[in-house]
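Overview (structure and organization)
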Amino acid sequence: MIEVLGAGSIVLAIVLLFVLIILASAIKIVKEYERAVIFRLGRVVGARGPGLFFIIPIFEKAVIVDLRTRVLDVPVQETITKDNVPVRVNAVVYFRVIDPVKAVTQVSNYIMATSQIAQTTLRSVIGQAHLDELLSEREKLNLQLQKIIDEATDPWGIKVSTVEIKDVELPSGMQRAMARQAEAERERRARILLAEAEKQAAEKLREAAEIISEHPMALQLRTLQTISDVASDKSNVIVLTLPMEMLKLFKSASEAASTFKKAFGGNSGSGDKEEPSDEVEG
């Protein structure tokens, strides 16, 4: 009798343990950022969560899906731009699951699938763009990548929020050519600025010359002011230059003086000769 009771107790304990295990497997708890996709006898019955819920052991199975935004690093892709320049480009993709049922039933591994579609789309978009667009209009290419990848992953319940091109590697020869081009562009701008400055200075000098031509005394005042500015430094040597008009004036005055001297000097000479002749006659 005791042996029968002992065997019965063992069986009862085993049954109770089995019941407890089944009940424990029936209780599910998912976090706020998770959802549980429920399969009942292999058929999807929907998503549950967050919090506490129960499933039918053996007949139902729960697959947990994370709804948080994931960061996918796209590896470096070697491609050729539309203007036949080889480049190496990598990017980063931000996406999240918005429909856990589709993410589980429509694709076997939505993370790997998103990574592959991002790589192929990156190569395709870069191959349709020129190098200048890749370097200067990166935001436009980012939006184009985001739109294409989002449309491709939408049947999987995936929402691609952002795609960013991180780095663009160019061949060393192309980098040197671009450096020379940038240097030539800077030199061209410098020459244009210098020419504009010379033009403005010439216009100001023309205006000043017109003012001085109307007021001749302004030139003398300007000359005196310049001499005063230079004379403040004793180490400077002041050299005064005379205008050609003054030289011509001096030359005209000299010629007039010599003409006057010849005219009046000849008359005085003839008077000196007449005096001895008068004495002889007397």
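These figures come from a predicted structure and were not determined experimentally.

Cut-offs and rules
Residues numbered from 1 in each chain as written. Predicted model: local features only at pLDDT ≥ 70, side-chain atom pairs only at ≥ 80, totals over all residues. Heavy atoms only, no water. Helix = DSSP H or I, 4+ residues; strand = E, 2+ residues; numbered from the N terminus. Buried < 20%, exposed > 50% of the residue type's maximum accessible area, 1.4 Å probe, protein only. Contact = heavy atoms within 4.5 Å. Areas by Shrake-Rupley, 256 points an atom, 1.4 Å probe, with all protein chains shown as cover. Polar contact = N/O pair within 3.5 Å; in protein donor to acceptor, adjacent residues only side chain to side chain. Patch = residues over 30% accessible without salt bridge, like charges linked within 9 Å, V, L, I, M, F, W, Y side chains within 5 Å. Salt bridge = Lys/Arg side-chain N within 4 Å of Asp/Glu carboxyl O. 1 Å grid on protein atoms, 1.4 Å probe; cavity = no way out; pocket = protein on both sides within 12 Å on 5 of 7 lines; lining within 4 Å. Points joined across faces, edges and corners; volume = space filled by probe spheres on them. Nonpolar A, V, L, I, M, F, W, Y, C, P; charged D, E, K, R; others polar. pLDDT = per-residue confidence, 0-100. Core = buried A, V, L, I, M, F, W, Y, C linked by side-chain atoms within 4.5 Å. Pairing = 2+ DSSP bridges. Axes fitted to C-alpha atoms, helices over the stretch in contact; angles between N-to-C directions.

1. Section: the overall build of the protein
What the protein contains, in helices and strands, is eight helices and eight strands. Across the 282 residues of the protein, 21% fall into the buried class. Look at the contacts in the protein between residues 6 or more apart in sequence, and 62% of them connect residues 24 or more apart. When the accessible surface of the protein is summed, it comes to about 20500 Å², and 60% of that surface belongs to carbon and sulfur atoms.

2. Description of the side chain of aspartate 150
Inspection of the secondary structure assignment puts aspartate 150 in helix 5 (residues 138-153). Of the polar contacts made by the side chain of aspartate 150, one reaches the backbone nitrogen of valine 160; its length is 3.2 Å. Apart from residues lying up to four places away in sequence, aspartate 150 is in contact with Ile158, Lys159 and Val160.

3. Concerning a nonpolar patch on the surface
A surface patch of nonpolar side chains, amounting to about 560 Å² of accessible area, comprises Val11, Val15, Phe18, Val19, Leu20 and Leu23. Turning to its location among the elements, valine 11 is positioned in helix 1 (residues 2-26).

4. Topic: the layout of surface pockets
By volume, the second largest pocket is sized at about 170 Å³. If you list the elements that add at least two residues to the lining of the second largest pocket, you get helix 4 (131-136) and helix 6 (172-214). If you tally residues by element for the lining of the second largest pocket, the top one is helix 4, at four residues. Residues of the lining of the second largest pocket, tallied by class, amount to five nonpolar, two polar and two charged.

5. So, the pattern of salt bridges
Between side chains of opposite charge, a pair can form when the charged atoms approach closely. Within the structure shown, the criterion is met by 10 salt bridges. Aspartate 66 is the salt-bridge partner of arginine 68, the closest N and O atoms lying 2.9 Å from each other. Residues glutamate 210 and arginine 206 are paired through a salt bridge, measuring 3.2 Å at the closest nitrogen-oxygen approach. A residue pair is termed a helical-turn pair when its members lie 3 or 4 positions apart in one helix, as glutamate 210 and arginine 206 do in helix 6 at four residues. Residue glutamate 210 is classed as partly exposed on the basis of its relative accessible area, which comes to 40%. Arginine 206 sits in the partly exposed class, given a relative accessible area of 45%. The network of salt bridges with common partners includes Glu78, Arg88 and Glu169.

6. A short note on the confidence of the model for the protein
Summary statistics for the protein give a mean pLDDT of 83 and a share of 85% for residues scoring 70 or more. In the model, residues 268-282 has pLDDT below 50 throughout and makes zero contacts with residues more than four positions away in sequence or in other chains.

7. Some remarks on the nonpolar core
Judged by nonpolar contacts, the single largest core of 34 residues is most densely connected at Val87, Leu134 and Ile165. For this core, the secondary-structure elements that each account for two or more residues are strand 2 (34-40), strand 6 (70-80), strand 7 (86-97), helix 3 (110-127), helix 4, helix 5 and strand 8 (158-169). If you look at the next biggest cluster of nonpolar residues, it comprises five residues, including Val30, Ile38, Phe53 and Ile55.

8. Some points on the sheet that holds strand 7
Read across the open sheet, the three strands follow the order 6-7-8; overall the sheet is antiparallel. Of all the strands in the sheet, the pair left with one neighbour each is strand 6 and strand 8. Taken over all neighbouring pairs, the strand axes of this sheet differ in orientation by 25° on average, direction set aside. Taken together, the 10 bridges between strand 7 and strand 8 define a ladder with antiparallel strand orientation. Along strand 8, the bridge assignment pairs arginine 96 with lysine 159.

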